Amino acid sequence: MGEFKVHRVRFFDYMPSGVRCMAFHSRTHRLALARLDGSVEIFNFSDSYFQEKVIPGNESRSVEAICWVAERLFTVGLNGKITEYDLINLRPKYSIDAFGGPIWSVACNAEGSHLAMGCEDGSLKLFEVLPESIQFERNFERQKDRILSVSWHKSGTQIAAGSLDVIRVFDVKSGRAVQRFLVDRSVSGMRNKDCVVWSLSFLSDHTIASADSAGKVQMWDARMGTLIKTHLVSKWDVLTLSVSEDESSIVVGTSEGTVVQFQFLSPTLGHGEQEWIRTKTFRNHTHDVRAVAEIGTALVSGGMDTQLVIRPLLEKHDIKSYDSALRKINFPHRSLVSSAQKCGLLLFQFPGQLELWRLGGTDTNGKPGDSLPIMRKPEKLLQLKRKGDDHICCSALSPCGSWIAYATVSSIRVYHLQLENSSISVTKVSKLPKVLRSAHQLHFSADSSRLFVASGPATVHMVTVSQPECKYVHTFKPKTGLTESIHLLAASADGKWLATASKGCDIHVYNVQKMKYHCTVPLYNSLPSAMAIHPKTNNLVVVHADQQMFEYSIVEKQYTDWSRKLQKEGLHRLWIERDTPITHVTFNPRNPSQFILHDMYMFCIIDQSQPLPDNKTQLYNQLTLKSLAGDVRQSKTHAFKICKKFQPLLHVSLLEDDWLLVVERPLVAISTQLPPPIRQKKFGT
């Protein structure tokens with residue numbers, strides 16, 4: 001595996017934002033999720049649950065509810081506006097004021113032709129969905145209290161709306177309430193408090209399922225105007241509710257951190273009429289569960305503890321299969337850390353600022369496993385706050401440590417740094433080319449003289465970085481017109497090649513010196529999660545969301561022999577079944593046959609000179625090898641050297657002088673920054 005001095009960094013105080021709401025698109029298998037900071041994320045559940053797209057938040061935009069309309073995405077919030085998103089350029093497409101005060105809820109009819117929105121002023125508003133926008137159609141009969149939840153009947157003729165103490169059913173044609181249900185306050189001793197109907201769903205058999213602040217899940221008959229059944233789920237609020245596509249299952253989330261499933265079953269096996277029965281309770285969260293989705297084969301939940309939990313339903317899977325494993329997504333599936341290896345600098349990206357740190361150091365040596373004393377403490381050199389309300393979407397630090405660039409959805413900024421001992425001076429580059437308006441990805445060349453800016457569909461601009469202005473050089477575009485944005489960039493060490501990967505799974509290579517298109521890597525139907533170009537051979541190493549990896553010779557325009565061998569023999573089963581994607585690739589300058597990959601739970605040194613492991617071989621064998629004699633150890637050695645000592649990992653790279661840099665963000669550190677959960681009585685306390 002080789003010996004490295006490990007520089008263990010734990011001062012990146014990244015704090016994910018809590019999950020506010022979610023919506024699942026059953027046809028495309030994509031989950032749209034909105035967080036408390038206004039950012040929107042899209043996960044592709046058919047591609048190993050990969051975080052496919054991220055739309056940065058904005059200080060003036062809040063999101064209370066999210067809704068798919070065909071393949072278009074809408075959100076509403078407390079700013080009183082409806083926002084549609086441009087899912088190609090990853091930004092808001094437009095926002096329209098509903099003129100009803102804060103908007104609490106939104107729902108689309110089955111045909112996708114209309115949106116209904118519940119507002120603070122008690123109005124239920126109907127908007128028509130047009131090909132390029134939406135248009136206000138009319139108001140329904142105004143109510144006394146704010147409308148917090150809405151749901152359409154599948155026929156499109158009625159809408160259920162929940163507010164304080166009341167659920168109403170509106171006739172879409174007339175706009176008037178035709179049924180009114182009073183929600184009982186007294187079930188859990190809340191007679192003096194309003195009972196808030198946080199969520200509801202209108203089923204095709206005219207049953208309304210509601211979740212409220214009294215801890216109840218109730219079933220109502222919308223035709224007869226009567227209560228069918230009450231389930232007391234919690235002593236606290238039931239905050240969210242979701243129904244499966246076939247309407248056989250309902251899942252709810254509570255402020256206690258529990259997720260409860262109800263199923264439409266016969267109380268006696270094979271006898272009697274079916275009814276809604278509480279069947280399962282899960283506790284995978286520590287705080288409020290603000291959003292749930294029942295997607296048929298799994299329950300998806302998220303809340304104040306910031307993690308997205310995917311709980312497979314075991315009756316829908318083989319018990320020991322890969323798909324039956326519980327998944328928790330805690331961090332973005334992209335890198336938030338940049339490093340300047342030559343000068344020991346780290347750049348941390350937060351939504352509202354960048355932090356530049358100088359690594360600490362030691363002058364002592366030790367034996368393998370020793371912790372070396374820190375002689376020079378790490379030092380924060382710079383805190384660079386963003387300009388405007390838009391959150392930072394990408395950033396880059398030049399290899400020489402003299403340039404910083406960051407981008408929002410509306411602007412790009414470049415800064416020149418001058419370091420002298422412990423002092424630092426920062427100068428903004430005042431003149432940027434007009435083509436640099438926004439960026440999805442930023443990347444400096446190896447000699448720090450050029451900046452590559454991925455902006456617009458499949459487009460990369462190249463500029464020279466200098467003071468006081470950056471000069472435009474060239475724009476790279478593929479020969480065929482592509483519509484998806486670029487999310488990965490990789491430049492070769494000799495400055496000759498640039499590789500781009502788009503969200504359409506396309507990988508293109510350009511000749512930077514000749515400023516022209518070179519080749520396209522054969523298409524693979526999983527999104528690339530990380531890639532890099534070898535500094536010696538100029539081979540492109542690509543790792544995909546489904547854990548497959550390829551090595552492509554840029555010069556020869558074909559896969560290398562090692563890559564063909566890897567695909568022929570196949571990757572180890574345990575490698576394929578890992579549940580977090582590789583987010584970074586780097587190379588060992590001392591050994592050209594080695595490259596390093598990492599995900600959230602491990603880093604792996606892959607030695608191309610060693611034999612590949614098969615499924616009969618022990619993949620995680622580092623501890624076993626230490627206990628074996630030399631000859632036996634050599635016979636058991638394979639190409640994958642995996643270390644799980646450091647986690648959760650946000651960044652791994654090699655510095656000069658054989659230092660391995662690992663950046664961790666312990667989950668305990670995140671949980672200590674969360675607000676206290678609801679206090680629950682425990683036995684013996």
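Residues numbered from 1 in each chain as written. Predicted model: local features only at pLDDT ≥ 70, side-chain atom pairs only at ≥ 80, totals over all residues. Heavy atoms only, no water.

Asks: Can you walk me through the overall build of the chain in this structure?
Replies: Helix and strand counts for the chain come out as 5 helices and 55 strands. Computed over its C-alpha atoms, the radius of gyration of the chain comes to 27 Å, within 12% of the 26 Å expected for a compact globule of 685 residues. Seen through its principal axes, the chain has C-alpha atoms that stretch 75 × 60 × 50 Å. The proportion of buried residues among the 685 residues of the chain is 57%. Pairs at least 24 apart in sequence give 48% of the contacts found in the chain among residues at least 6 apart. For the chain, the computed accessible surface area is about 29900 Å², with 49% contributed by carbon and sulfur atoms. For the chain, the distance from the average position of its 81 positive side-chain charges to the average position of its 67 negative side-chain charges is 4 Å. (Helix = DSSP H or I, 4+ residues; strand = E, 2+ residues; numbered from the N terminus. Rg over C-alpha atoms; globule rule 2.2 N^0.38 Å. Buried < 20%, exposed > 50% of the residue type's maximum accessible area, 1.4 Å probe, protein only. Contact = heavy atoms within 4.5 Å. Areas by Shrake-Rupley, 256 points an atom, 1.4 Å probe, with all protein chains shown as cover. Lys, Arg positive; Asp, Glu negative; His and termini not counted. Charge placed at Lys NZ, Arg CZ, Asp CG, Glu CD.)

Asks: When you look at unusual backbone geometry in this model, what are you seeing that I'm missing?
Replies: For residues other than glycine, phi is negative in most cases, and the peptide bonds are mostly trans. With an omega of 15°, the peptide bond running from Gln 467 to Pro 468 counts as cis. Secondary-structure assignment places Pro 468 in the loop between strand E40 (460-464) and strand E41 (471-476). Of note, the amide linkage connecting Gln 647 to Pro 648 takes the cis form, showing an omega dihedral of -10°. Following the sequence through the fold, Pro 648 ends up in the loop between strand E53 (640-643) and strand E54 (649-654). Within the chain, Gln 547 stands out as a residue other than glycine whose phi angle is a positive 80°. Its location among the elements puts Gln 547 in the loop between strand E47 (539-544) and strand E48 (549-553). Since its relative accessible area comes to 2%, Gln 547 is described here as buried.

Asks: Help me understand the sheet that holds strand E34 (residues 394-397), please; the structure alone is not making it clear to me.
Replies: In sheet architecture, strand pairing relies on hydrogen bonds along the backbone and comes in two forms, parallel and antiparallel. Pairing is antiparallel across the open sheet formed by 4 strands, whose spatial order is E34-E35-E36-E37. Each edge of the open sheet carries a strand with a single partner, namely E34 and strand E37 (423-428). Neighbour to neighbour, the strand axes of the sheet diverge by 20° on average, direction disregarded. Across 6 bridges, the pairing between strand E36 (residues 412-420) and E37 is antiparallel. Residue Leu 419 lies in a different strand from E37, and its bridge partner there is Ile 424. (Pairing = 2+ DSSP bridges. Axes fitted to C-alpha atoms, helices over the stretch in contact; angles between N-to-C directions.)

Asks: Would you mind going over the pattern of salt bridges with me for this structure?
Replies: Side chains that differ in sign of charge can pair as their charged atoms come close. Enumeration according to the criterion identifies 21 salt bridges in this entry. Between Asp 13 and Arg 665 there is a salt bridge; the shortest N-O distance is 3.7 Å. Taken together, the positions of Asp 13 in the loop between strand E1 (5-9) and strand E2 (19-25) and Arg 665 in the loop between strand E55 (659-664) and helix H5 (667-671) put the pair 652 residues apart, joining distant regions of the chain. Arg 665 sits in the buried class, given a relative accessible area of 2%. Among the charged side chains, a network of salt bridges with common partners joins Arg 8, Arg 10 and Glu 664. (Salt bridge = Lys/Arg side-chain N within 4 Å of Asp/Glu carboxyl O.)

Asks: Please explain empty space enclosed by the protein as it appears in this structure.
Replies: Any empty space left between atoms is shown by rolling a water-sized probe over those atoms. Summed over all chains, the structure comprises 6 cavities of 30 Å³ or more. The calculated volume of the largest cavity comes to roughly 160 Å³. Lining the largest cavity are 17 residues; nearest its centre among them are Phe 331, Pro 332, Thr 583, Met 600 and Leu 649. For the lining of the largest cavity, the secondary-structure elements that each account for two or more residues are strand E29 (327-329) and E54. Of the residues belonging to the lining of the largest cavity, the class tally is 8 nonpolar, 6 polar and 3 charged. The volume enclosed by the second largest cavity comes to roughly 60 Å³. What lines the second largest cavity is Val 259, Phe 282, Asn 284, His 285, Leu 299, Val 300, Ser 301, Val 309 and Arg 311. Going through the elements one at a time, strand E27 (298-303) and strand E28 (308-312) are the ones with two or more residues in the lining of the second largest cavity. The element contributing the most residues to the lining of the second largest cavity is E27, with 3 residues. Considering only residue class, the lining of the second largest cavity consists of 5 nonpolar, 3 polar and 1 charged. (1 Å grid on protein atoms, 1.4 Å probe; cavity = no way out; pocket = protein on both sides within 12 Å on 5 of 7 lines; lining within 4 Å. Points joined across faces, edges and corners; volume = space filled by probe spheres on them. Nonpolar A, V, L, I, M, F, W, Y, C, P; charged D, E, K, R; others polar.)

Asks: Would you explain the sheet that holds strand E23 (residues 249-254) in this entry?
Replies: Taken together, 4 strands build an open sheet; the order of strands is E22-E23-E24-E25 and the sheet is antiparallel. The outermost strands of the open sheet, each flanked by one partner alone, are strand E22 (238-243) and strand E25 (275-282). On average, each strand axis in the sheet is inclined to that of its neighbour by 25°, with strand direction left out of account. Taken together, the 7 bridges between strand E24 (residues 259-265) and E25 define a ladder with antiparallel strand orientation.

Asks: What should I look at first to understand the nonpolar core in this one?
Replies: In globular proteins that are soluble, nonpolar side chains generally tend to be buried together. Of all hydrophobic cores here, the largest spans 22 residues; its most connected members are Met 549, Trp 575, Val 585, Phe 595, Leu 597, Ile 606 and Phe 640. Contributions of two or more residues to this core are made by strand E46 (528-533), E47, helix H1 (561-569), strand E50 (584-587), strand E51 (594-598), strand E52 (603-607) and E53. If near-sequence neighbours (up to four positions away) are discounted, Met 549 is found in contact with Val 542, Val 543, Trp 562, Leu 566, Gln 567, Leu 571, Trp 575, Phe 595, Leu 597, Ile 606 and Phe 640. Ranked by size, the runner-up nonpolar core spans 19 residues in total, among them Val 337, Leu 346, Phe 350 and Ile 670. (Core = buried A, V, L, I, M, F, W, Y, C linked by side-chain atoms within 4.5 Å.)

Asks: I would appreciate a short explanation of the environment of Thr 258 in the present structure.
Replies: With respect to the helices and strands, Thr 258 occurs in the loop between E23 and E24. Thr 258 sits in the buried class, given a relative accessible area of 12%. In this structure Thr 258 touches Val 252, Gly 253, Thr 281, Phe 282, Arg 283 and Val 289, once residues within four positions along its chain are discounted. In this structure the side chain of Thr 258 is engaged in a polar contact, spanning 2.7 Å, whose partner is the side chain of Thr 254. (Polar contact = N/O pair within 3.5 Å; in protein donor to acceptor, adjacent residues only side chain to side chain.)

Asks: For this particular structure, what's the right way to read the packing of aromatic side chains?
Replies: The geometry of two aromatic rings is summed up by the distance between their centres and the angle between their planes. Taken as a whole and assessed by the stated rule, the structure comprises 22 aromatic pairs. Consider the rings of Phe 12 and Phe 350, whose centres lie 5.2 Å apart with planes at 75°: the pair is edge-to-face. Remark: Phe 350 occurs in the loop between strand E31 (345-349) and strand E32 (353-358) and Phe 12 occurs in the loop between E1 and E2; sequence separation between them is 338 residues. The exposure class of Phe 12 is buried, given its relative accessible area of 0%. (Phe/Tyr/Trp six-rings, centres within 6.5 Å; stacked < 30°, edge-to-face > 60°.)

Asks: Is there a simple way to explain the side chain of Thr 408 in this structure?
Replies: Position of Thr 408 relative to the elements: it lies in the loop between strand E35 (403-407) and E36. If we ignore the near neighbours within four places in the chain, the residues touching Thr 408 are Asp 390, His 391, Ile 392, Cys 393, Ser 438 and Ala 439.

Asks: I tried to follow the pairing of strand E30 (residues 337-340) on my own but got confused; where do I start?
Replies: The side chains of a regular strand alternate, residue by residue, between the two faces of the sheet. Where burial is concerned, the two faces of E30 agree: the one with Val 337 and Ser 339 and the one with Ser 338 and Ala 340 are both buried. Relative to E31, E30 runs antiparallel, the two sharing 4 bridges. If you follow Ser 339 over to E31, its bridge partner there is Leu 346. Counted along the chain from E30 to the antiparallel partner E31, the turn is 4 residues long, and its residue Gly 344 has a positive phi close to 65°.

Asks: What is the right way to read the side chain of His 651 from this model?
Replies: Examined against the element boundaries, His 651 turns out to sit in strand E54. Among the polar contacts listed, one links the side chain of His 651 to the side chain of Ser 653, at a separation of 3.1 Å.

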